[in-house]
Amino acid sequence: MTETTQASAGQLDRATPGGQPPTLLRRHAAGTESARSVLFTVLGELVLPTGGQAWTSAFIDVLGRLGIEEKAARQALMRTAADNWLSSERVGRRTVWRLTPAAERLLRDGTERIFSFTAVAGDWDGRWTIVLARTPETERAARHMVRTRLRWAGFGTVSPGVWISPRRDRAAEVRQILDEAQLPDGYLFTAEYQGGGTLTAMVERAWDLAGLAAGYEEFITEFSEPAGADPLALVIDLVHAWRRFPWIDPGLPAQFLPVPWSGTAAAGLFTRLHAERAGDARGAWRQLIAGT
C-alpha cells in the first residue's frame, strides 16, 4: 500500500479495564489523515480479500474499535473516494463502498510487499541500485517529492543527489518517481563495488540503522504479549504498525546489519501473530458486513 504517513503506525492501548475495547493512542486516533491511513489498512487487510465492498456502518464500526470517531471515519471514506480509490452507491438510506480497479491493484501490490518483507536481503548479488537525482534549489516541490518517495522506497543518500539501495526490484518505482518529478538530470544505474572506502561506512552514512532498530524494538515490545479479545482491532493494529517497515527499511544484506538484528525478530513476530489471528479477524469482519 503506497498510501503512507510519516507518523508512527497506530498502537493499541493494552489497558482495557472493564472489558472495554482497545483503542489507538490519542495521537493516532485524532484527525482525518490518521483515520485515512488506518482505513487503507482496513481496505487491504479486510475488504480486498472479502469481496471488495462494505457498508458505511461496517467501516464506522471497525474504525471505532480503534478509537477513530465517526466523523473522522466518514471524512476518510469521502476523501478516499475523491481520490478514486473507492466508489459509492446509495442503496435506500445506506451507502455501499467498493474498491476501484486502481485500488485493487494498489492494495494487491502493497499486500505482496508487506507480507514478503523479511527485513534482511537473503539473495543479494552484490550489485547496488544507484539513483542520481539532482534538483534545482528553485524546484522545491520536486526536491521534496523525490526525497520523500526515494526514502519510502528504501533508498539512502550518501551525498547530495546520490541515492543507493541493494534492492534491484525498485527500478520501476524509481523510474516512475523520476518521470513524475520531471527532472532534467535524473539517472538510474546498477553497479558493483570496486574499491575505495568501506561499504560498511557507506551504509552507516546512508541509513539510520539505530533509529530503524529502535522502531523494530518498539514493535516487538508492543506485540510480544498482545492483549484484548477483539481480533479485528488486534489484526488491523498489527498490520498498520508493521506496514511502514517494508517502505523505510532498505532490506540490507546481513553482512551490513548489527548482530542480532531486531528486524529479523520483528518480522518473525509479525508473521506468527498474523498467521494466528488473521482468520478470526476476517471471520469477524464477514459477520460484521453480513449483519450490517
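Located above this text is the structure these notes cover.
Since the structure is predicted, the reported quantities are computational estimates derived from the model, not experimental observations. (Residues numbered from 1 in each chain as written. Predicted model: local features only at pLDDT ≥ 70, side-chain atom pairs only at ≥ 80, totals over all residues. Heavy atoms only, no water.)

Colleague: Now, about the sheet that holds strand 1 (residues 53-55): what can you tell me, with residues and values included?
Modeller: Spatial strand order, 1-3-2: three strands in an open sheet with antiparallel pairing. Each having just a single partner strand, strand 1 and strand 2 (86-91) make up the two edges of the open sheet. Mean inter-strand twist for the sheet, computed between neighbouring axes without regard to direction, equals 25°. Two elements, strand 2 and strand 3 (residues 94-99), share six bridges in a ladder whose sense is antiparallel. Its bridge partner being in strand 3, glutamate 89 is matched across the sheet by valine 96. Here helix 3 (residues 56-65) sits on the sheet in contact with strand 1 and strand 3, set at roughly 85° to strand 1. (Pairing = 2+ DSSP bridges. Helix = DSSP H or I, 4+ residues; strand = E, 2+ residues; numbered from the N terminus. Axes fitted to C-alpha atoms, helices over the stretch in contact; angles between N-to-C directions. Contact = heavy atoms within 4.5 Å.)

Colleague: Help me get a handle on the packing of aromatic side chains, residues and values and all.
Modeller: The description of two aromatic rings rests on the distance between their centres and on the angle between their planes. This model, assessed by the stated rule, comprises 15 aromatic pairs. Ring geometry for tryptophan 124 versus phenylalanine 256: centroids 5.7 Å apart, planes at 75°, classification edge-to-face. With tryptophan 124 in the loop between helix 5 (101-116) and strand 4 (127-133) and phenylalanine 256 in the loop between helix 11 (245-248) and helix 12 (262-291), this pair connects stretches of sequence that are 132 residues apart. Classification of tryptophan 124 by relative accessible area gives partly exposed; the value is 22%. Residue classification places phenylalanine 256 among the buried residues on the basis of a relative accessible area of 9%. Judged by centre distance (6.0 Å) and plane angle (40°), the ring pair of tyrosine 216 and tryptophan 242 falls under tilted. Of this pair, tyrosine 216 sits in helix 9 (residues 209-223) while tryptophan 242 sits in helix 10 (residues 231-242); the two residues are 26 residues apart in sequence, bridging distant segments of the chain. Residue class for tyrosine 216 comes out buried when judged on its relative accessible area of 0%. Each member of the aromatic cluster is reached from another via a ring pair, and the members are Phe115, Phe117, Tyr216, Phe219, Phe223, Trp242, Phe245, Trp261 and Phe270. (Phe/Tyr/Trp six-rings, centres within 6.5 Å; stacked < 30°, edge-to-face > 60°. Buried < 20%, exposed > 50% of the residue type's maximum accessible area, 1.4 Å probe, protein only.)

Colleague: So, the environment of serine 224: which residues are in play, and what are the values?
Modeller: Structurally, the position occupied by serine 224 is in the loop between helix 9 and helix 10. Between the C-alpha atoms of serine 224 and leucine 273, which are 49 residues apart in sequence, the distance is 9.2 Å. A polar contact is formed between the side chain of serine 224 and the backbone oxygen of isoleucine 220, at a distance of 2.4 Å. (Polar contact = N/O pair within 3.5 Å; in protein donor to acceptor, adjacent residues only side chain to side chain.)

Colleague: Explain a nonpolar patch on the surface to me, using residue names and the numbers behind them.
Modeller: Side chains of Leu132, Tyr187 and Phe189 sit close together on the surface and give an oily, nonpolar patch of about 270 Å² of accessible area. With respect to the helices, strands and loops of the structure, tyrosine 187 is situated in strand 7 (residues 186-192). (Patch = residues over 30% accessible without salt bridge, like charges linked within 9 Å, V, L, I, M, F, W, Y side chains within 5 Å. Areas by Shrake-Rupley, 256 points an atom, 1.4 Å probe, with all protein chains shown as cover. Salt bridge = Lys/Arg side-chain N within 4 Å of Asp/Glu carboxyl O.)

Colleague: Explain the pattern of salt bridges to me, and be specific about the residues and the numbers.
Modeller: Under the criterion given, the structure shown has 13 salt bridges. Where arginine 65 meets aspartate 61, a salt bridge forms, and the shortest distance between an N and an O atom there is 2.6 Å. With a gap of four residues between them, arginine 65 and aspartate 61 both fall in helix 3, about one helical turn apart. A salt bridge links aspartate 125 to arginine 168; its shortest N-O distance comes to 3.0 Å. Taken together, the residues span a long stretch of sequence, with aspartate 125 in the loop between helix 5 and strand 4 and arginine 168 in the loop between strand 6 (162-165) and helix 7 (171-181) at a distance of 43 residues. Owing to a relative accessible area of 39%, aspartate 125 belongs among the partly exposed residues under this scheme.

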